[in-house]
Amino acid sequence: MRCDRVWIKARLATLAEGAPGLGVVEDGVIAAKDGRIVYAGPASDAPAFDAAEIVDCEGRWITPGLIDPHTHLIFGGDRAHEFELRLAGASYEEIARAGGGIVSTMRATREASESELVAAALPRLDALIAEGLTTIEVKSGYGLSLEHELKSLRAARALARARAVSVKTTFLGAHALPPEFKGNADGYVDLVCREMIPAVAAEGLADAVDGFCEGIGFSPAQIRRVFETARAHGLPVKLHAEQLSNLHGAALAAEFGALSADHLEHLDEAGIAAMARAGTTAVLLPGAYYFVRETKLPPLKALRAAGVPLALATDCNPGTSPLTSLLLTMNMAATLFRLTVDECLAGVTRQAARALGVLADRGTLEAGKACNLAIWDIERPAELVYRMGFNPLHARVWSAVS
């Protein structure tokens, strides 16, 4: 079989759907042609390859390239001062209602040019890439006006031109109420639905639409209008749901066939059942849970029992999760949420791909998928979850076809 490159003498964690555990292959081979995997499996079953390059992995482990399915990577400024306020006892909600929080980042984001937003985001992206990231979701949501939301999405798209990485963009106009609409949330939602979503769709700037369904965000009725508009423009949806309270946002998201519902600390049984029926992925964000010192755990036992897929993400953002490490995210998910090693690794590969609607193209080591690989200097996969502040990445392989 003719191919471009073959990796031999590797141990594989294929994460293939239906395979036991991590889909481990002890003496594995991966072959790629034109940026796609043509074989991933045991050396004993591999065909003879006529390859331009053969890479001896010397027993190293190969996993799918890592995927971060929930980030707010594009923003201006920082919120270190608010961190100090929280240490002094102020709550996230108190800071937000006093004009901090998302609105403070909005001001800095509006003041920044597109190129400045890209330049600020690249170090954060580079930190993730250095740990084996090959696909990332980037949300808007700090512009909160048509001009600045479009600017943010263009900046997110520009990241994919600046680095060898796949970027999926999400329009999050319904993130917070800008000051010019104070007391008029319905009027702002009118703007999101009447002008922003049509403009975003017309320019092809977003792969999905998101919203913040919370007492300090938007009501289920307002989010429903956003989702109806997104559907009318052919855009899939996802939702920040049940982070601070239970407004039944997850069930609403599931009603619209959402790709994911994210956070979910206050999720109830009805929401879990709705997500399971719809095939909506739960994206868990342990960095935010840790950073805001949350005490209510997501209902992991019930989510598992219902068969809801569990993905993990950094939630990289300036206010509640300034986290740029998927390795640390996995450790937090294991220590704080008690996820298993297998669940953590699936959460940043196969299930993360599912949460972005791209599982058919990436997230596992299988023939036909993009050749996105992370090659590790480890003795066993548990090391990727166990260590804190240590990066054992040997090499990252990203394919432009993705």
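Each value, and the rule that gives it
Residues numbered from 1 in each chain as written. Predicted model: local features only at pLDDT ≥ 70, side-chain atom pairs only at ≥ 80, totals over all residues. Heavy atoms only, no water. UniProt positions renumbered as here; feature names shortened; annotations may be inferred. Helix = DSSP H or I, 4+ residues; strand = E, 2+ residues; numbered from the N terminus. Rg over C-alpha atoms; globule rule 2.2 N^0.38 Å. Buried < 20%, exposed > 50% of the residue type's maximum accessible area, 1.4 Å probe, protein only. Contact = heavy atoms within 4.5 Å.

Per an unreviewed UniProt entry, the protein chain is named Imidazolonepropionase, and its organism is Caulobacter zeae. Quoted verbatim from the Subcellular location (unreviewed entry) field of UniProt, the annotation for the protein chain is "Cytoplasm". Reading the Sequence similarities (unreviewed entry) entry of the UniProt record for the protein chain gives the comment "Belongs to the metallo-dependent hydrolases superfamily. HutI family."

Trainee: Whenever I open this one, the overall build of the protein chain confuses me. Can you help?
Mentor: Across its full length, the protein chain holds 15 helices and 15 strands. In terms of C-alpha radius of gyration, the protein chain reaches 21 Å, essentially the compact-globule figure of 21 Å for 402 residues. Principal-axis analysis of the C-alpha atoms gives the protein chain an extent of 70 × 40 × 40 Å. Counting all 402 residues of the protein chain, 57% fall into the buried class.

Trainee: Help me understand the UniProt feature "binding site: N-formimidoyl-L-glutamate" (unreviewed entry) in the protein chain in this model?
Mentor: Mapped onto this numbering, the UniProt entry gives "binding site: N-formimidoyl-L-glutamate" (unreviewed entry) at Tyr-142, Asn-317 and Gly-319. A maximum C-alpha distance of 11.5 Å places the annotated residues, which cover 178 residues in sequence, within one compact spot. Residue position: Tyr-142 is located in the loop between β7 (133–139) and α5 (146–162). Beyond its immediate chain neighbours, meaning those up to four positions away, Tyr-142 contacts His-72, Ile-74, Phe-75, Arg-79, Ile-102, Thr-105, Met-106, Thr-109, Glu-149, His-175, Asn-317 and Pro-318. Residue position: Gly-319 is located in the loop between β13 (310–312) and α12 (326–337). Residue Gly-319 is classed as buried on the basis of its relative accessible area of 2%. When residues no more than four places from it in sequence are discounted, the contact partners of Gly-319 are Arg-79, Arg-86 and Phe-291.

Trainee: Just to check I follow, could you spell out the UniProt feature "binding site: Fe(3+)" (unreviewed entry) in the protein chain for this structure?
Mentor: UniProt records the feature "binding site: Fe(3+)" (unreviewed entry) for His-70, His-72, His-240 and Asp-315 in the present numbering. Taken together, the annotated residues stretch across 246 residues yet fold into one region, lying no more than 12.2 Å apart by C-alpha. As for its position among the elements, His-70 is in the loop between β6 (66–68) and α1 (80–87). By the secondary structure assignment, His-240 is in strand β10 (residues 238–241). Relative accessible area serves as the criterion here: at 4%, His-240 is assigned to the buried category.

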